[in-house]
Amino acid sequence: MTQAQGILVSNTANASTDLSAWVSTQAANWTNQSAAGTDQYKLEMKCFAATQPTPDLSTGTAVITSTSTPGEDIKTGLAATTNQWAYVKFTTPASTTSGSQQTITVTILSATA
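Residues numbered from 1 in each chain as written. Predicted model: local features only at pLDDT ≥ 70, side-chain atom pairs only at ≥ 80, totals over all residues. Heavy atoms only, no water.

Asker: A description of the sheet that holds strand S8 (residues 105-112) should follow, citing residues and the corresponding values.
Answerer: Here we have three strands laid out as an open sheet, ordered S6-S2-S8, and antiparallel in their pairing. Edge positions in the sheet fall to strand S6 (72-78) and S8, since each of these pairs with one other strand and no more. Strand after strand, the sheet turns through a mean of 25° between neighbouring axes, direction not considered. By the bridge criterion, four bridges tie strand S2 (residues 17-25) to S6 in an arrangement that is antiparallel. Note on S6: the bridge partner recorded for Thr17 is Leu78. (Pairing = 2+ DSSP bridges. Helix = DSSP H or I, 4+ residues; strand = E, 2+ residues; numbered from the N terminus. Axes fitted to C-alpha atoms, helices over the stretch in contact; angles between N-to-C directions.)

What follows is the structure, given as structure tokens:
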């Protein structure tokens, strides 16, 4: 993932906020898990204060296993009127039982800290 592929999150409020994420629409044949496996993918997110030419997603990521709100925290205490860049790491299943295309939707929630 390159800097252009990061997700800009702007806290334009006058209060600190926490960011969380979850898979709000699951793939037809795959599920999000803490490790990739048969029909199981691993989705990780990490926030940075600035854009990253090559974000280090090898440590400190939040593994997104939730399928409902509030999800997993990806950033706590995001100060008022500041930005964060969220980057995603997607590990595909080790094997699949379906050769069809899979689609997921990930939701990021901002809640007052």
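Asker: Explain the pattern of salt bridges residue by residue, including any values.
Answerer: Inspection of the entire model under this criterion finds one salt bridge. Between Lys89 and Glu44 there is a salt bridge whose closest N-O contact spans 4.0 Å. Taken together, the positions of Lys89 in strand S7 (residues 83-91) and Glu44 in strand S4 (residues 40-48) put the pair 45 residues apart, joining distant regions of the chain. (Salt bridge = Lys/Arg side-chain N within 4 Å of Asp/Glu carboxyl O.)

Asker: Now, about the environment of Gly77: what can you tell me, with residues and values included?
Answerer: In this fold, Gly77 is placed in strand S6. Note on Gly77: relative accessible area 42%, which makes it partly exposed. When the C-alpha positions of Gly77 and Ala113 are compared, they lie 6.2 Å apart, and in sequence the two are 36 residues distant. Setting aside chain neighbours within four positions, we find Gly77 in contact with Ser16, Thr17 and Asp18. (Buried < 20%, exposed > 50% of the residue type's maximum accessible area, 1.4 Å probe, protein only. Contact = heavy atoms within 4.5 Å.)

Asker: An account of unusual backbone geometry is needed here, citing residue identities and associated values.
Answerer: Cis geometry is found at the peptide bond from Thr69 to Pro70, where omega equals 10°. Mapped onto the elements of the fold, Pro70 is located in the loop between strand S5 (62-63) and S6. Located in the positive-phi region is Thr81, a residue other than glycine, with phi close to 55°. Mapped onto the fold, Thr81 is located in the loop between S6 and S7. Overall, the relative accessible area of 62% leaves Thr81 in the exposed class.

Asker: I'd like a rundown of the environment of Ile74, residues and numbers included.
Answerer: You can see Ile74 is positioned in strand S6. For Ile74, a relative accessible area of 10% translates into the label buried. Separated by 54 residues in the primary sequence, Ile74 and Ser20 place their C-alpha atoms 5.2 Å from one another. Ignoring anything within four residues of it in the chain, the contact list for Ile74 reads Leu19, Ser20, Ala21, Met45, Cys47, Ala62, Ile64 and Ile108.

Asker: Pulling in residues and values, what's your account of the nonpolar core?
Answerer: Counting residues in each nonpolar core, the largest one holds 15 residues, and the members touching the most others are Leu19, Met45, Ile64 and Ile74. Elements that contribute at least two residues to this core include exactly S2, S4 and S6. With four residues, S4 is the single largest residue contributor to this core. (Core = buried A, V, L, I, M, F, W, Y, C linked by side-chain atoms within 4.5 Å.)

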